[in-house]
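# Examination of the molecular architecture
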Amino acid sequence: MRTRNADKEELVRQNAIDMLVKDGFQDFSMNRLAKESGISVATLYIYYQDKDDLIKKIGVAIGNNFFAEMLKDFSAAMPFKEGLKKQWENRARVALAHPKEAACYEIIRHSSHGEYILKESLKDFKFAMGDFFHNAVKRKELVPVSVEVFWSVAYGPLYTLLRFHGEGKSIGGMPFKFSKKTMDEAFELVIKALTP
Amino acid sequence: MTTDINHILIFRTNIQTKRDKLRIQHELDTLDTIQQWNIDLEDIDCVLRIVSDRLTPEQIISVVKDSGFECSELE
């Protein structure tokens, strides 16, 4: 009688993420993952059907977890400035706390499994963000812009700062560390740009 | 739908190519005691994964071997 071992499964998941981030998609192998996790190949194939199944499941799990974190203490009915601030805080928290998962999610999202994991993990989040945007437009708290322009102005600066932080340096190789002060400064400029 | 992990059987094979897979596909598809099967052609062990609540490893091995492939259970 086989039993599931949650600790082992979590270790496998962590190792898979490490390997995907370090070696990329093409070099990833189930055999190597089993070896590095100290389990038999058979056990790994009991958890996952094959490499594609493993990658899809890991991508969806990271996505679900991230999007749930991003919706924490957030509601689409919030006043625009308050809601966007909450989004910045949540997104920064997730990116800073789980840099490897975030990198892994990006790798999978840009692979042939990208559409699948977005479809499976994005649903609720997409609706909440859509409602938030439309509520803000309706209440005239937001200047009328297309969704694309909105997104790039609303989140572009945050993701750029987080990227600098991840790389440890900003433009020209200057050392950089993300801080609340930097985030608040950028946020106020974004609000200035997006509110009437 | 979740699969009972005690109904999963794992084998090492030499089913390496899409053409090999087509050859075995007919045999496995016609066995209604198999709920689901797949082969990881990308893996070095060409792992065959079978979900069945009735078949024994020996029965699977014999089906695969009869189609001209090697097959042994992975523990």
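Please read these numbers as outputs of a predicted model, since none were measured by experiment.

### Observations concerning the overall build of chain B
Counting its regular elements, chain B contains 2 helices and 4 strands. Here the C-alpha radius of gyration of chain B, 11 Å, is about what a compact globule of 75 residues would show, namely 11 Å. Counting across all 75 residues of chain B, residues that qualify as buried make up 24%. Sequence-distant contacts in chain B: of pairs separated by 6 or more residues, those separated by 24 or more amount to 58%.

### Describing the nonpolar core
Formed by 50 residues in total, the largest nonpolar core has its most connected members in A:Val41, A:Leu44, A:Tyr45, B:Ile10, B:Phe11, B:Val47 and B:Leu48. It is helix H4 (residues 51-70) of chain A that contributes the most residues to this core, 6 residues altogether. The residues that make up this core include at least three from each of domain 1 (1-48) and domain 2 (63-194) of chain A.

### With respect to the domain arrangement of chain A
Residues and elements named next belong to chain A. Splitting chain A by domain gives domain 1 (1-48) and domain 2 (63-194). Put simply, the middle of domain 1 and the middle of domain 2, counted by C-alpha atoms, are 30 Å apart. On the domain 2 side, the residues contacting the 6 residues of domain 1 number 6 residues. Considering only residue class, the side of domain 1 that touches domain 2 consists of 4 nonpolar, 1 polar and 1 charged.

About the criteria used
- Residues numbered from 1 in each chain as written.
- Chains lettered and ligands numbered in written order.
- Predicted model: local features only at pLDDT ≥ 70, side-chain atom pairs only at ≥ 80, totals over all residues.
- Helix = DSSP H or I, 4+ residues; strand = E, 2+ residues; numbered from the N terminus.
- Rg over C-alpha atoms; globule rule 2.2 N^0.38 Å.
- Buried ≥ 20, exposed ≤ 12 C-beta atoms within 10 Å, placed from the backbone.
- Contact = placed C-beta atoms within 7 Å.
- Core = buried A, V, L, I, M, F, W, Y, C linked by C-beta atoms within 7 Å.
- Domains from an automatic or database assignment.
- Nonpolar A, V, L, I, M, F, W, Y, C, P; charged D, E, K, R; others polar.

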